[in-house]
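For reference, the chains in residue letters:
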Amino acid sequence: MQLVPRQGGELAQVGAAEQVTEVWLANRRLSEHTRAAYRRDVHAWLAWCGAQERDPLRASFLDVNTYARGLEARNLAAATVARKLSGLSSWYDFLVKIRAIDSNPVAGADRPNVSRDHSATVGLTPEEVDNLLHKAAENGPRTYAVMTVLADLGLRVGELVSLNRDDLGWERGHRTVRFVGKGNKARRRALTPETAEVLDAYLAVRGDDEGPLFRTSTGARLDRHAIFRLIRRLAAAAGIPNADRLSPHSLRHAFATAARAEGVPLEDVQDAMGHADPRTTRRYDRDRHNLDRDPAYTLAAARARRASQ
């Protein structure tokens, strides 16, 4: 495949769209998880353009709007659609920079509104997390270790599946885990004695050789889709409501809200979760308070008092 600029900014069409995607990704400082997500998003757009007989290099904002409405019709969350369009916009910005096209069609598109004050993730109570971990323990050392790390550290699923055996270590008397977080930033977290004990039990079965920390029976790296299926199966077995709507991010959400409920300072939760913007962390906190402090509870209690008089 060759990427050949022509007069007028057009591209020679010999698989050029796919090649320019790899060039674009190679010039971005992204984690492997984000890189893979952007690649999927662009390929999905190219597939849509092919099905609609649209030239992606001549797409307009109207085409992008039609595509976005189609994503929304699949009941994807607004934040998911917005993220897909954001990656697509970055791809088109790169095409503009290399003079393949004149303007970015996503720039004028109607993107979904994503509120900073609300998370669409279905959360879990501390008791539900306990029940989930109990079922995970019954399922075996690997399942228990996977769910414990997600629950006790609040890692993103991409961060979890990217862990290797040599990411576990010791620093200044703490058991630690190192990983690459969002924005390709190197991060580390402390492992509590309880979490370390669960991991050690898993390593006793897995073996202490190098390679992916969490792997399948064939030695392949456990993927994010397997984690999604696992948490929903465990939640259903534990009798947790909305089990089919849970995701690994539900445990991340639970980590943040439980930490704040236990009095952990907002900035410490922000650092632990790797949020560059404190407003992202506060969104989890608002979700907790919006439910706990709903005026409906106060009004119901007042009505009950009046009825008892």
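Higher on the page you've got the structure.
Because the structure is predicted, anything quoted here is derived from the model rather than measured.

Enquirer: So what exactly am I meant to see when it comes to unusual backbone geometry here?
Expert: It is generally the case that most residues other than glycine have a negative phi and that most peptide bonds are trans. The residue R172 is not glycine, and still its phi comes out positive at about 50°. For R172, the location among the structural elements is in the loop between β1 (168-171) and β2 (174-181). With a phi close to 55°, N242 is a non-glycine residue in the positive phi region. With respect to the secondary-structure elements, N242 resides in the loop between α9 (224-237) and α10 (248-261). On the basis of relative accessible area, N242 is assigned to the partly exposed category, the value being 41%.

Enquirer: Is there a simple way to think about the sheet that holds β2 in this case?
Expert: Strand pairing in a sheet relies on backbone hydrogen bonds, with the paired strands running either antiparallel or parallel. Strand order in the open sheet formed by three strands is β1-β2-β3, and the pairing between neighbours is antiparallel. If you trace the sheet from one side to the other, it starts and ends with β1 and β3 (185-191), each paired once. The average undirected angle you get between the axes of adjacent strands in this sheet is 40°. Here β1 runs beside β2; their pairing, made up of four bridges, is antiparallel. Bridging across to β2, G169 finds its partner in T176. On top of the sheet, helix α8 (residues 193-206) reaches β1, β2 and β3; it is set at about 100° to β3, its chief contact.

Enquirer: So what exactly am I meant to see when it comes to the pattern of salt bridges here?
Expert: Where charged atoms of side chains with opposite charge meet at close range, the side chains can pair. Applying the stated criterion to the full structure yields 15 salt bridges. The residue R69 makes a salt bridge to E72 at a minimum N-O spacing of 2.8 Å. Here R69 pairs with E72, and both are found in helix α3 (residues 61-73), just three residues apart, close to one helical turn. You can call R69 partly exposed: its relative accessible area is 30%. Residue class for E72 comes out partly exposed when judged on its relative accessible area of 30%. One network of salt bridges, with partners in common, ties together D41, R83 and K84.

Rules used in this analysis
Per-chain numbering applies: the sequence of each chain, read as written, is numbered from 1 onward. In keeping with the model being predicted, local features are shown solely for residues with a pLDDT of at least 70 and side-chain atom pairs are shown and tallied solely at 80 or more, while totals for entire chains, interfaces and linings include all residues. Processing note: side-chain calculations cover all non-hydrogen atoms of the structure and skip hydrogens and water entirely. Only DSSP runs of H or I covering at least 4 residues are called helices, and only runs of E covering at least 2 are called strands; the numbering of each starts at the N terminus. The buried label goes to any residue with under 20% of its type's maximum accessible area, the exposed label to any with over 50%, and the partly exposed label to all in between, with areas taken from a 1.4 Å probe on protein chains only. Strands are treated as partners if at least two bridges between them are detected by DSSP. Helix axes are fitted to C-alpha atoms over the stretch in contact, other axes to C-alpha atoms as well, and angles between N-to-C directions run from 0 to 180 degrees. Whether two residues are in contact is decided by their heavy atoms, any of which lying within 4.5 Å being enough. A pair is scored as a salt bridge if a Lys or Arg side-chain nitrogen falls within 4 Å of a carboxyl oxygen belonging to Asp or Glu.

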